[in-house]
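An overview of the molecular structure
Spelled out, the chains give:
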Amino acid sequence: MQKSLNYDLVIIGAGASGLMLASLLKRNPQKVCIIEAREKIGSKIILSGGGKCNITNKYLDFSKYLGDEKFVKEALKDFSTKELLDFLESQELSPKLDERLVEGAYFCKSSKEVLSSFSTLTKKIKLFLNTSVEDVSFEDGKYCIKNSKNLDIRAKNLVIASGSNAHFEDKDYEILTKISQKFKLDFKSFTPALVGLGLQKEQAWFKNLSGISLFAKLKIEDKNLEGKLLFTHRGFSGPLVFNASLYWSKGFLEFDFLPNNTLDEFYKKQMLISKALPLPRRFLQEFLLSIDLADKPLNKLNLEEKQKLEKLKSYNFAPAGNLGFLKAEVSKGGLNTKELDINFECKKQKNLFFLGEALDVTGQLGGYNLHFAFASAFKCARYLNKK
Ligand SMILES: Cc1cc2nc3c(=O)[nH]c(=O)nc-3n(C[C@H](O)[C@H](O)[C@H](O)COP(=O)(O)OP(=O)(O)OC[C@H]3O[C@@H](n4cnc5c(N)ncnc54)[C@H](O)[C@@H]3O)c2cc1C
């Protein structure tokens, strides 16, 4: 008969939250193991921030997250930007502020150095790579972890740090749904977020703008967002649209393509519209075609034409949909945080913990998701270290 491998603590997932938790644990490393489906640790960390890991943000605040306000506030309270930066400094990682894409974003020199630091911190902990957890049951006070290697792994404490199916869409991620069902926990299905949005047929004129970017504002229900907007051959992308995808599920978005000006400022000008307005010329030419307005001197516009041009300030757009999980940086949805206490332990099922993106908390672009994953690990580690 196969020998059972008994651990005090098993972590499912060697990603951001699982690795941070393992790094902060103060218990005999021989009593802990990490099970990871992929052949390497940190498969999303390595891709993050275009290989430079946008690890946190100066403007960390619950308003940057979609999720239960009270829970998010509490989770971030004891693990601020400074606390994370101090931890990274102690590991000789010194992220730098780089606000070219998103305000307040801190980037590392490379994602590789972040991973290498986690590898060093967790080197004494047993790591099962290429091992996918397929199911979990609870027997005689222990979690029995069924896995693709048929190892008989059991744990007193189990941490689910399995993230979401964004970007990799494979079936390993189904473990979270299975565990939620097994322990009767409320789970909201994942949908892609921080992802581009596609075009309806009638807005095909945008396709001619592929490659152009501009600064815009966007209204989506009660949210006002601003940032860089990028036109692609499939639709809209860039930080502004990525953030919009967090809040959008259907219906209209309203763009202000000229957020820092009113059109009244320009109506006395004798120049052509496409030359006078501070927007890319190609964008203006296509926009004018789409609203059936000739490119003429601004001071020659009649009232009706001015009304047409006002669309620049309030352009309603109903996306055809998002570009799907494979293109998404994160997923929204996940385990309802009402199932957890503030140590990230399940209220109904003792010694079962959930961290990071597996939870129904999703941040905007700019380092907020890694920060939340780390903050959840911090809180959980602090509790486990006292236990
Ligand atoms: C391309 C890309 C770029 C990104 N850039 C940034 C960025 O710059 N800044 C930022 O804040 N966020 C970024 N993110 C999001 C960020 O990476 C995630 O939010 C974060 O990694 C979530 O941490 P986690 O620990 O919850 O999950 P993950 O880091 O995804 O880790 C989960 C781990 O669990 C493993 N796993 C899943 N199921 C199983 C199973 N059944 N058995 C065993 N193992 C399993 C997975 O293989 C994975 O290694 C980016 C994401 C992507 C895809």
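Use the structure listed above.
First, a word on what this report is: a plain description of the structure on this page. Only a predicted model underlies this, so the values are computations on that prediction, with no experimental measurement involved. (Residues numbered from 1 in each chain as written. Predicted model: local features only at pLDDT ≥ 70, side-chain atom pairs only at ≥ 80, totals over all residues. Heavy atoms only, no water.)

Observations regarding the nonpolar core
Among the nonpolar cores identified, the biggest contains 78 residues, and Leu21, Leu352 and Phe354 are the most heavily contacted of them. Excluding residues that lie within four positions of it along the chain, Leu21 makes contacts with Ile11, Val159, Leu355, Ala377, Cys380, Ala381 and Leu384. Counting residues in hydrophobic clusters, the runner-up holds 51 residues, among them Leu214, Leu277, Leu288 and Val330. (Core = buried A, V, L, I, M, F, W, Y, C linked by side-chain atoms within 4.5 Å. Buried < 20%, exposed > 50% of the residue type's maximum accessible area, 1.4 Å probe, protein only. Contact = heavy atoms within 4.5 Å.)

A look at the packing of aromatic side chains
Under the criterion given, the structure shown has 29 aromatic pairs. Between Phe255 and Phe317, the aromatic rings sit 6.2 Å apart at their centres with planes inclined by 45°, giving tilted as the arrangement. Of this pair, Phe255 sits in strand S16 (residues 253-256) while Phe317 sits in strand S17 (residues 315-317), and the two are 62 residues apart along the sequence. Owing to a relative accessible area of 0%, Phe255 belongs among the buried residues under this scheme. Taking the relative accessible area as the measure of exposure, Phe317 reaches 0% and is therefore buried. By way of ring pairs, the aromatic residues Trp205, Phe206, Phe231, Phe236, Phe255, Phe257, Phe283, Phe287, Tyr315 and Phe317 are connected into one cluster. One Lys or Arg, Arg38, reaches over the ring of Phe168 and ends 3.8 Å from the middle of that ring. The ring centre of Tyr267 lies 4.6 Å from the NZ or CZ of Lys306, which sits over that ring. (Phe/Tyr/Trp six-rings, centres within 6.5 Å; stacked < 30°, edge-to-face > 60°. Helix = DSSP H or I, 4+ residues; strand = E, 2+ residues; numbered from the N terminus. Lys NZ or Arg CZ within 6 Å of the ring centre and 35° of its normal.)

Digging into the sheet that holds strand S12 (residues 197-198)
Read across the open sheet, the seven strands follow the order S17-S16-S13-S14-S15-S12-S18; overall the sheet is antiparallel. The sheet is open, and its two edges are formed by S17 and strand S18 (321-322), each paired on a single side. Relative to strand S15 (residues 235-237), S12 runs antiparallel, the two being bridged by two bridges. Note that in S15 the partner of Leu197 across the bridge is Phe236. This element, helix H7 (residues 238-247), spans S12, strand S13 (213-220), strand S14 (223-231), S15 and S16 of the sheet and lies at about 130° to S14. (Pairing = 2+ DSSP bridges. Axes fitted to C-alpha atoms, helices over the stretch in contact; angles between N-to-C directions.)

Any link to function would need more than the numbers given here.
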